[in-house]
Amino acid sequence: MTGHSEEESTSLSMKEGREKRVSFPPDEQMVSDFVERRAELQEADSLTLTDIILAYKQSCEKHHVNPNPKALDQLKQITCVTDRARCFELSGERLDYHSCESLEEILKSVQFDFISLQGAELEENGASSLLDMFLYYESATHLDVSSNSGMGFSGWLSLSHLLRQSGCLWRLDACNMPMVDYAAQALSKALLTSRLTVLHLENTCLSGKPLFTLVGALKRNVALQELYLCENSLNGYQDSMQLGDLLKYNSTLKTLDLSNNTMCDSGLEEICDALSSQKTGLRTLILSNNHITHLGMSHLQNVLPRLKTLETLNLGKNNLENRGIHTLKESLMINRSLLQLGLASTGITCEGAVTLAEILAESPQIQRLDVRQNQVLAGGLMALSLALKINRSLIRLDLDQHLKEEKGMKTTAVYSKAVKCHMFIKAKPNHTLTSLCFFASALTVMEKNSTCHQYLVVE
């Protein structure tokens, strides 16, 4: 007994049959997208450059716009349409919706290494259409959409789709436009699965909620290796805490550029705390022009001896003074990973140069030191010169082009004369620099060692 009459059972059976009924579209509709794409690729392979230019002009006529002279000039310079062309430069060219649509005849036939749309005044519909084309045709490996604040919601949504699905795009520049909420959310969603390895977001008003949204995605990102966040008014409080979290949870990021922000000493403390917890990670840290003082060097002093991967540290344009260099002295001597140290315009005098000379004398690995735009006079240069006779790793020492005037020092004239002649002071084989160019003896060294490969650059 089932509890149902024969009539009810028949009714249920018919109802179930109706619910399970499915239908399929015609076969030609199901595969049309694939066939169309394959046909397009085959057609593009058979096109000549003349065909592409003619097709572009016809497309412009169809969309009632004039052919872009800059685009035509670049097309004429392409030598092989089957390989990626080097560049498609449209920066500064106003591209409205119809201009963007007309470009499809180029994009379906030619792929590029780099496409620049910087300052192209992209509108929402035009940006969306063009970015969809970039995805469909895999048009670029490096894309610059900077200075296009009118992209709107649809434009950023299409950019997000491009970043998530593109198999060839490895670098994105999206600078000089405000990172509003929908833009930050679209970009962050894409970064969860994007293959991007380089991301430039300079001057995008990231401070606050946009940075919080971005870091939330980057903490789970496993592809990005270089991140440039210059000129974003990032502060030493909430923003630095977010960046600290990023460094704690992301082990694939190799380069972080935070120059021209306001991280201050408190922000540096957050960064250093995060670095201390890294086993593998950051190789390049740029903190130039961040209102950091000699007081912040105590945080670096604590973490530098423990860092195993950091190779480049730029502290230029911060008021470190001689006291800051002295604070870093012992930790720089202990550290065995740092190869390049930037200290341009940090308020160093001869006293600081003497400290740096002591560091160079003990360092077995540092390769480049930048002390330009400091008050390093002949006495400081003398100390560096003596250190270079001991140091065997330094390849490049950056100095000011013109030595600061110092009364009673005849060596100044010799130094200036060498600089004006744009001379390099060359070292002996298997040895580093043996002198600075303000010493007359260095000129003899240079003449006698014409085959040497290591040198001092004076800029």
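Attention here is on the structure that accompanies the text. (Residues numbered from 1 in each chain as written. Predicted model: local features only at pLDDT ≥ 70, side-chain atom pairs only at ≥ 80, totals over all residues. Heavy atoms only, no water.)

1. Thoughts on the sheet that holds strand β4 (residues 171-173)
Here we have twelve strands laid out as an open sheet, ordered β1-β2-β3-β4-β5-β6-β7-β8-β9-β10-β11-β12, and parallel in their pairing. The open sheet terminates on both sides in strands that have one partner only, identified here as β1 (85-89) and β12 (396-398). Neighbour-to-neighbour, the strand axes of the sheet open up by a mean angle of 5°, direction not taken into account. In this sheet, strand β8 (residues 284-286) lies alongside strand β7 (residues 255-257) in parallel orientation, the contact comprising three bridges. Within β8, the residue paired with L256 across the bridge is L285. (Pairing = 2+ DSSP bridges. Helix = DSSP H or I, 4+ residues; strand = E, 2+ residues; numbered from the N terminus. Axes fitted to C-alpha atoms, helices over the stretch in contact; angles between N-to-C directions.)

2. Thoughts on helix α16 (residues 350-362)
A rise of 1.5 Å per residue sets the reference length of α16, with its 13 residues, at 18 Å; its end C-alpha atoms lie 19 Å apart and thus fit the reference within 8%. Restricting attention to buried positions, one finds in α16 the residues G352, A353, T355, L356, A357, I359 and L360. Against α15 (321-334), β11 (368-370) and α17 (378-388) lie the buried residues of α16. (Expected span 1.5 Å × (residues − 1). Buried < 20%, exposed > 50% of the residue type's maximum accessible area, 1.4 Å probe, protein only. Contact = heavy atoms within 4.5 Å.)

3. A look at the environment of Y56
Looking at the element boundaries, Y56 is found in helix α4 (residues 49-62). Non-local contacts of Y56, meaning those with residues more than four positions away in its chain, are made with P67, N68, A71, L72, S102, L103, E105 and I106.

4. Describing a nonpolar patch on the surface
On the surface, a nonpolar cluster with roughly 320 Å² of combined accessible area is contributed by F153, L157, V180 and Y182. Looking at where Y182 falls in the secondary structure, it is placed in helix α10 (residues 181-191). Judged by relative accessible area, Y182 falls into the partly exposed class, the value being 32%. (Patch = residues over 30% accessible without salt bridge, like charges linked within 9 Å, V, L, I, M, F, W, Y side chains within 5 Å. Areas by Shrake-Rupley, 256 points an atom, 1.4 Å probe, with all protein chains shown as cover. Salt bridge = Lys/Arg side-chain N within 4 Å of Asp/Glu carboxyl O.)

5. Some details on the pattern of salt bridges
One pass over the structure, following the stated rule, counts eleven salt bridges. K108 is the salt-bridge partner of E105, the closest N and O atoms lying 3.7 Å from each other. According to the relative accessible area criterion, K108 is partly exposed, its value standing at 27%. Between K209 and D181 there is a salt bridge; the shortest N-O distance is 3.9 Å. In this pair, K209 is assigned in helix α11 (residues 209-218) and D181 in helix α10, connecting sequence segments 28 residues apart. Looking at D181, the relative accessible area reads 42%, which means it is partly exposed. Three or more residues are tied together by salt bridges with common partners; here these are R94, D96, E121 and E123.

6. Considerations on unusual backbone geometry
Trans is the prevailing form of peptide bonds, just as negative phi is the prevailing case for residues other than glycine. Within the chain, C205 stands out as a residue other than glycine whose phi angle is a positive 55°. In the Ramachandran plot, Q373 falls in the positive-phi region, its phi being about 55° despite a non-glycine side chain. If you trace the backbone, Q373 turns up in the loop between β11 and α17. Residue Q373 is classed as exposed on the basis of its relative accessible area of 52%.

7. Concerning the pairing of strand β2 (residues 112-116)
Buried residues dominate β2, accounting for four of its five residues. Where β1 meets β2, four bridges bridge the pair, whose relative direction is parallel. Residue pairing for β2: F88 is matched across the bridge by I115. The pairing of β2 with strand β3 (residues 140-144) spans four bridges and is classified as parallel. By the bridge assignment for β3, S116 is matched with D144. Handedness of the β-α-β unit built from β2, helix α8 (residues 124-137) and β3 comes out right-handed. (Right-handed = clockwise from strand over helix to strand, strands pointing away.)

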